[in-house]
Amino acid sequence: MTRSPTVLVVGGGATGAGVARDLARRGIDVALVDRGGLGSGTSGRSHGLLHSGARYAESDPVGAEECIEENHVIREIAGECVRDTGGLFVELAADDPAYFDAKRAACEDVGIPTTVLDAAAVRERVPDIAPDVERAMAVPDGVVYPSRLVAANAAAVEANGGTVHPHAPLEALTVEDGRVLAATIGGRVDATFEPAFVVNAAGAWAGDVAAMAGVDVEMAPARGAMVAVDHGALGPVLNRCREPEDGDIVLPHADEVVLGTTSVPVDDPDEYERADWERARCVEECAAMLPAVADAEVTRTWWGVRPLYAPDEADTDRRGISRGFFALDHADDGVANLASVVGGKLTTYRRMAEATADLVADHLGVDEPSTTADATLPGADDPDRLDAFADRYDARNPSDANLYDAAR
Ligand SMILES: Cc1cc2nc3c(=O)[nH]c(=O)nc-3n(C[C@H](O)[C@H](O)[C@H](O)COP(=O)(O)OP(=O)(O)OC[C@H]3O[C@@H](n4cnc5c(N)ncnc54)[C@H](O)[C@@H]3O)c2cc1C
């Protein structure tokens, strides 16, 4: 029989694995469960950009500041889970120079370092850049490998006395007198836990998990397509310097580049259309920056679903919904020992986890502070060990599948 933990974390994406790591490092007995392999939700299906924050600098300075701070932290603690490629915001002839200048000023305001390169300097860094490039702004973007990142967080949970259970779906919550009394876990766990506290880190599925406790968490999920094509080494991440649109990021990934993405509302994060026009749009738009991708061989295409939280949102394309995160204390909704963490980005997963773990520690009367920003992740300097963790937790997912394909 599996023992009941003090805290049950539901959802083994980056956020849930990060919450479990944070709690375990505070000495709290924690179990992490996912209905599939770890990262099989959105984390392992994201684009894999370690944001500098420049994308959001003028529209969401608070989110941009979170990104640049966490970008520094993740580089420090996560070693081989990231690659320091740098990034360029590329202005083409059709783009508004005033937008470029405004973004640059906004970056400087929130502490994102920028360097402006003229067209010749851009061509030196990216020889096959579009001929109509005007200039670019270099920013500290990077590439993150979600399989490794999620698995390394899970390994840290176990190293600190917690337990990790892939293929163990939460099936039901029993609530009595305003408290979760029991959590029924199926799959490989097949047991009922009686945790003191439950964290809902189920991403785009957070509404379903909250509903098991009779609580409303209004998610507004939006899907996005990614297309990987053969390309050979590209140096920096390329971002189109214009208002966020479909197909404005090209990510270097070993001998591929990953083109993305789109934003289309979905009703159900499991059952949704994967439309050909999205694939075509990613290629066509990204080819405006990097013409060679138009004719390159497509190696993989996949979709992910953004876990957007929008209690009051109308039905737009959801691009305008905040990428900020929310740690929701459901004591305010009549369930005293349940919290949800929703929204956010892969880049800010650790900060989301810290805020959520603070909330849980408060409820449990634990004074230990978070230490996750300063502690190196297990295996961070050893890609083979990280990949072995990914195997242990069945965490190999589409975002970085080519890493593993190449190794076989
Ligand atoms: C197309 C796209 C591109 C993106 N690109 C980037 C990017 O480049 N950079 C960036 O920083 N961010 C990016 N994001 C955002 C980022 O990927 C997400 O915000 C982040 O990965 C969400 O992590 P999470 O752990 O909260 O959710 P998830 O990773 O979805 O984790 C939730 C987990 O809960 C599990 N679950 C659900 N129901 C149950 C249940 N009943 N029992 C047990 N487990 C359950 C799921 O299986 C899932 O693994 C992108 C998102 C999308 C969709």
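Residues numbered from 1 in each chain as written. Predicted model: local features only at pLDDT ≥ 70, side-chain atom pairs only at ≥ 80, totals over all residues. Heavy atoms only, no water.

**Remarks on the sheet that holds strand E8 (residues 142-144)**
Sheet strands pair via backbone hydrogen bonds, and the direction of the pair is either parallel or antiparallel. Strand order in this open sheet of three strands is E3-E8-E4, and the pairing throughout is antiparallel. Each of the sheet's edge strands pairs with one partner strand only, and the pair in question is strand E3 (49-50) and strand E4 (82-83). Sheet topology places E3 next to E8; two bridges connect them, and they run antiparallel. Bridge pairing links Leu 49 to Val 143 in E8. (Pairing = 2+ DSSP bridges. Helix = DSSP H or I, 4+ residues; strand = E, 2+ residues; numbered from the N terminus.)

**Observations regarding the pairing of strand E17 (residues 256-260)**
Among the five residues that make up E17, five are buried, leaving the element largely enclosed by the rest of the structure. Side-chain alternation along E17 places Glu 256, Val 258 and Gly 260 on one buried face and Val 257 and Leu 259 on a second face that is also buried. The sheet contact formed by strand E14 (residues 222-230) and E17 spans five bridges and is antiparallel. Each residue of the ladder has a partner; that of Ala 228, found in E17, is Val 258. The pairing of strand E16 (residues 249-253) with E17 spans five bridges and is antiparallel. Its bridge partner being in E17, His 253 is matched across the sheet by Glu 256. The hairpin formed by E16 and E17 contains two residues between the paired strands, and Ala 254 there has a positive phi angle of roughly 50 degrees. (Buried < 20%, exposed > 50% of the residue type's maximum accessible area, 1.4 Å probe, protein only.)

**Quick look at the state of the cysteines**
Tallied over the full model, the rule gives zero disulfides. Here Cys 67 stays unpaired: no disulfide links it, and the sulfur of Cys 107, its closest cysteine neighbor, is 11 Å away. We classify Cys 67 as buried; its relative accessible area is 0%. Not part of a disulfide, Cys 107 finds its nearest cysteine sulfur in Cys 241, a span of 8.5 Å. (Disulfide = S-S within 2.5 Å.)

**Structural notes on the sheet that holds strand E13 (residues 197-200)**
On the basis of which strands lie adjacent, the open sheet formed by six strands has the order E9-E2-E1-E13-E21-E20 and mixed pairing. The sheet terminates laterally at strand E9 (163-165) and strand E20 (325-329), the two strands that pair on one side only. Recorded for the sheet is a direction-independent mean angle of 15 degrees between the axes of neighbouring strands. (Axes fitted to C-alpha atoms, helices over the stretch in contact; angles between N-to-C directions.)

**A word on the site of the ligand**
Neighbouring residues of the ligand: 34 residues in total, closest Thr 15, Asp 34, Thr 42, Ser 43 and Thr 347. Between the ligand and the protein, one listed contact pairs a nitrogen atom with a backbone N or O atom of Arg 35 at 3.0 Å. Contacts to the ligand include Leu 170, whose backbone N or O atom sits 2.9 Å from a nitrogen atom. For the ligand, whose accessible area on its own is 1,000 Å², the fraction buried by protein is 95%. Of all the elements in the fold, those that place two or more residues in the shell around the ligand are helix H1 (14-25), E14 and strand E19 (298-306). No other element matches the three residues that E19 contributes to the shell around the ligand. For the shell around the ligand, the residue count by class is twelve nonpolar, 18 polar and four charged. If you count residues domain by domain, the shell around the ligand takes at least three from each of domain 1 (7-43 + 146-219 + 318-407) and domain 2 (84-142 + 222-306). (Near = heavy atom within 4 Å. Polar contact = N/O pair within 3.5 Å; in protein donor to acceptor, adjacent residues only side chain to side chain. Areas by Shrake-Rupley, 256 points an atom, 1.4 Å probe, with all protein chains shown as cover. Nonpolar A, V, L, I, M, F, W, Y, C, P; charged D, E, K, R; others polar. Domains from an automatic or database assignment.)

**Comments concerning the pattern of salt bridges**
All chains considered together, the criterion is met by 21 salt bridges. When the shortest N-O distance is used, the salt bridge between Asp 276 and Arg 279 registers 3.1 Å. Here Asp 276 and its partner Arg 279 are both found in helix H7 (residues 276-289), three residues apart, which amounts to about one turn of the helix. The exposure class assigned to Arg 279 is partly exposed, which follows from its relative accessible area of 30%. Three or more residues joined by partner-sharing salt bridges are found here, namely Glu 69, Glu 70, Arg 350, Arg 351 and Glu 354. (Salt bridge = Lys/Arg side-chain N within 4 Å of Asp/Glu carboxyl O.)

**Considering unusual backbone geometry**
The linkage connecting Gly 260 with the following residue, Thr 261, adopts the cis geometry, with an omega of -5 degrees. Relative to the helices and strands, Thr 261 is located in the loop between E17 and strand E18 (264-265). Even without glycine at this site, Asp 394 takes up a positive phi of about 50 degrees. Following the sequence through the fold, Asp 394 ends up in the loop between helix H9 (383-392) and helix H10 (401-407). Note on Asp 394: relative accessible area 38%, which makes it partly exposed.

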